[in-house]
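# Chains, contacts and geometry: an overview
For reference, the chains in residue letters:
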Amino acid sequence: QVQLVESGGGLVQAGGSLRLSCAASGLTFSNYQLGWFRQAPGKEREFVAAISRSGDSTDYLDSVKGRFTISRDNAKNTVYLQMNSLKPEDTAVYYCAADRTFSTRVTNRRTYDYWGQGTQVTVSS
């Protein structure tokens, strides 16, 4: 069965860094484009970043551009989100997701077929 498992979340002070990982199994990883979303308490789940199958194309939420970097290692079936210069407003549960349709609507959560359970990121001021 398809599984996506996030890790790397935790508590960090503002200005600090975290590196999230999402390990996939049960699918042909290189055939999927991947995304990261986040959901803060009382808010809708929002798009954060996406990466193409080959890793040569990326998209980001405007508020994280220059601070976050998405990457993938197809040999390890893993997608990463490097988060630098973290701010309290980055606090949320972060989810990875996989899309088998290669849709251009990468910011839409309905594009994605599979989701992980999430990892908590808390940024203190």
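In case you missed it, the structure is sitting above this.
Now for a quick tour of the structure. Everything numeric in this text was worked out from a predicted model, so none of it was measured.

About the criteria used
- Residues numbered from 1 in each chain as written.
- Predicted model: local features only at pLDDT ≥ 70, side-chain atom pairs only at ≥ 80, totals over all residues.
- Heavy atoms only, no water.
- Helix = DSSP H or I, 4+ residues; strand = E, 2+ residues; numbered from the N terminus.
- Rg over C-alpha atoms; globule rule 2.2 N^0.38 Å.
- Buried < 20%, exposed > 50% of the residue type's maximum accessible area, 1.4 Å probe, protein only.
- Contact = heavy atoms within 4.5 Å.
- Areas by Shrake-Rupley, 256 points an atom, 1.4 Å probe, with all protein chains shown as cover.
- Lys, Arg positive; Asp, Glu negative; His and termini not counted.
- Charge placed at Lys NZ, Arg CZ, Asp CG, Glu CD.
- Pairing = 2+ DSSP bridges.
- Axes fitted to C-alpha atoms, helices over the stretch in contact; angles between N-to-C directions.
- Core = buried A, V, L, I, M, F, W, Y, C linked by side-chain atoms within 4.5 Å.
- Disulfide = S-S within 2.5 Å.
- Salt bridge = Lys/Arg side-chain N within 4 Å of Asp/Glu carboxyl O.
- Polar contact = N/O pair within 3.5 Å; in protein donor to acceptor, adjacent residues only side chain to side chain.

### Some remarks on the overall build of the chain
Helix and strand content of the chain: zero helices and 11 strands. When its helices and strands are written in sequence order, the chain yields β-β-β-β-β-β-β-β-β-β-β. Relative to the compact-globule value of 14 Å for 125 residues, the chain shows a C-alpha radius of gyration of 13 Å, a close match. The principal-axis extents of the C-alpha atoms in the chain amount to approximately 40 × 25 × 25 Å. Looking at the chain as a whole, 42% of its 125 residues qualify as buried. Sequence separation of 24 or more characterises 58% of the internal contacts of the chain that already satisfy a separation of 6 or more. Surface summary for the chain: the accessible area is close to 6,600 Å², and the carbon and sulfur share equals 42%. Here the chain holds 14 positive side-chain charges and 11 negative ones, and the gap between their average locations is 1 Å.

### Notes on the sheet that holds strand β8 (residues 78-83)
The pairing of strands in a sheet happens through backbone hydrogen bonds and is either parallel or antiparallel. A sheet is described by the order of its strands in space; here four strands give the open sequence β1-β3-β8-β7, paired in antiparallel fashion. Of all strands in the sheet, those with a lone pairing partner are β1 (3-7) and β7 (68-73), marking the two edges. Neighbour-to-neighbour, the strand axes of the sheet open up by a mean angle of 15°, direction not taken into account. As defined by bridge partners, β7 adjoins β8 across six bridges and the pair is classed as antiparallel. Residue pairing in the sheet places Ile70 in a bridge with Leu81 of β8.

### Topic: the nonpolar core
In this structure, Trp36, Val79, Leu81, Met83 and Tyr94 are the most contacted members of the largest nonpolar core, which totals 29 residues. Of all the elements in the fold, those that place two or more residues in this core are β3 (18-25), β4 (33-39), β5 (46-51), β7, β8, β9 (92-99) and β11 (119-124). The next biggest cluster of nonpolar side chains, apart from the first, holds six residues, and it includes Phe37, Phe47, Ala50 and Ala97.

### Some remarks on the state of the cysteines
Following the criterion strictly, the structure yields one disulfide and no others. Put simply, Cys22 and Cys96 are joined by a disulfide, and their sulfur atoms are 1.9 Å apart. The chirality of the disulfide connecting Cys22 with Cys96 is right-handed, given an S-S dihedral of about 50°. Taken as a pair, Cys22 in strand β3 and Cys96 in strand β9 lie far apart in primary sequence, 74 residues in all.

### Thoughts on the side chain of Arg72
Relative to the elements of secondary structure, Arg72 occurs in strand β7. No salt bridge forms around the buried Arg72; measuring N to O, its nearest opposite-charge neighbour Asp73 is 8.3 Å away. A polar contact of 2.9 Å, which involves the side chain of Arg72, links it to the backbone oxygen of Phe29. Within polar-contact distance, the side chain of Arg72 engages the backbone oxygen of Ser52 at 2.7 Å. If we ignore the near neighbours within four places in the chain, the residues touching Arg72 are Phe29, Ser30, Tyr32, Gln33, Leu34, Ile51, Ser52, Arg53, Gly55, Thr78 and Val79.

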